[in-house]
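# Report on the structure
Now for the letters of each chain:
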Amino acid sequence: MAVLKVIEVLANSNKSWEDATRNAVKEASKSVKNIRSVYVNEQSAVVKNGEVDEFRVNVKITFEVK
């Protein structure tokens, strides 16, 4: 039986929500090992001068505790 833990991470990107999600996983993997999955909980964007300037995600990252 595996023991799993979930953490919540906020991340952003100037490109897309997908890229923001990748950034969240990349940063989390620097201190968390055995990441199994990522769930996008919420998406938002910052608008400046009538244009989307930044994409933001709130994700839940699941990892195995050894």
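Look up a bit, the structure's there.
Below is a short write-up of the structure. Residue numbers run consecutively from 1 along every chain, following the written order of its sequence. Note on the predicted model: pLDDT of at least 70 is required for a residue's local features to be given, and 80 or more for side-chain atom pairs to be given and counted; whole-chain, interface and lining totals, by contrast, use all residues. Computation of side-chain values: all heavy atoms of the structure, hydrogens and water removed.

Strands sit in the order 1-3-2 across an open sheet of 3 strands; the sheet is antiparallel. Taken across any chain shown, the strands that pair with only one partner, and hence form the sheet edges, are strand 1 (3–13) and strand 2 (35–48). The average angle at which neighbouring strand axes cross in this sheet is 15°, direction not considered. Relative to strand 3 (residues 51–65), strand 2 is paired through 12 bridges, and the arrangement is antiparallel. Bridged to Val-38 within strand 3 is Ile-61. Every residue pair with non-hydrogen atoms within 4.5 Å of one another is taken to be in contact. Axis geometry follows a simple rule: fit a line to the C-alpha atoms, using only the stretch in contact for helices, then measure angles between N-to-C directions, giving values from 0 to 180 degrees. Under the scheme used here, helices are H or I runs from DSSP no shorter than 4 residues and strands are E runs no shorter than 2 residues, and both carry numbers assigned from the N terminus. Sitting on the sheet, helix 1 (residues 17–28) is in contact with strand 1, strand 2 and strand 3, with an inclination near 40° to strand 3. When DSSP finds at least two bridges between two strands, those strands are taken to pair.

We define a salt bridge as a side-chain nitrogen of Lys or Arg found within 4 Å of a carboxyl oxygen belonging to Asp or Glu. In this structure the tally under the stated criterion is 4 salt bridges. In this structure, Lys-48 engages Asp-53 in a salt bridge whose closest nitrogen and oxygen atoms are separated by 3.6 Å. Here Lys-48 falls in the partly exposed class, since its relative accessible area comes to 48%. Here's how the labels work: a residue is buried when its accessible area is under 20% of the maximum for its type, exposed when over 50%, partly exposed in between, all with a 1.4 Å probe on protein chains only. Residue Asp-53 is classed as partly exposed on the basis of its relative accessible area of 33%. Arg-56 is the salt-bridge partner of Glu-54, the closest N and O atoms lying 2.8 Å from each other.

This part takes up the nonpolar core. Residues belong to one nonpolar core when they are buried, are Ala, Val, Leu, Ile, Met, Phe, Trp, Tyr or Cys, and are joined through side-chain atoms within 4.5 Å. Of all hydrophobic cores here, the largest spans 8 residues; its members are Val-9, Ala-11, Ala-20, Ala-24, Ala-28, Val-57, Val-59 and Ile-61. Leaving out residues up to four positions away in the same chain, Val-9 has contacts with Ala-24, Val-57, Asn-58, Val-59 and Ile-61.

This part is about unusual backbone geometry. The backbone of Asn-34 sits at a positive phi, close to 60°, despite the residue not being glycine. Topologically, Asn-34 is positioned in the loop between helix 1 and strand 2. Relative accessible area serves as the criterion here: at 34%, Asn-34 is assigned to the partly exposed category.

Moving on, we come to the side chain of Thr-62. For Thr-62, the location among the structural elements is in strand 3. Aside from chain neighbours lying at most four places away, what touches Thr-62 is Leu-4, Lys-5, Val-6, Asn-34, Ile-35, Arg-36 and Ser-37.

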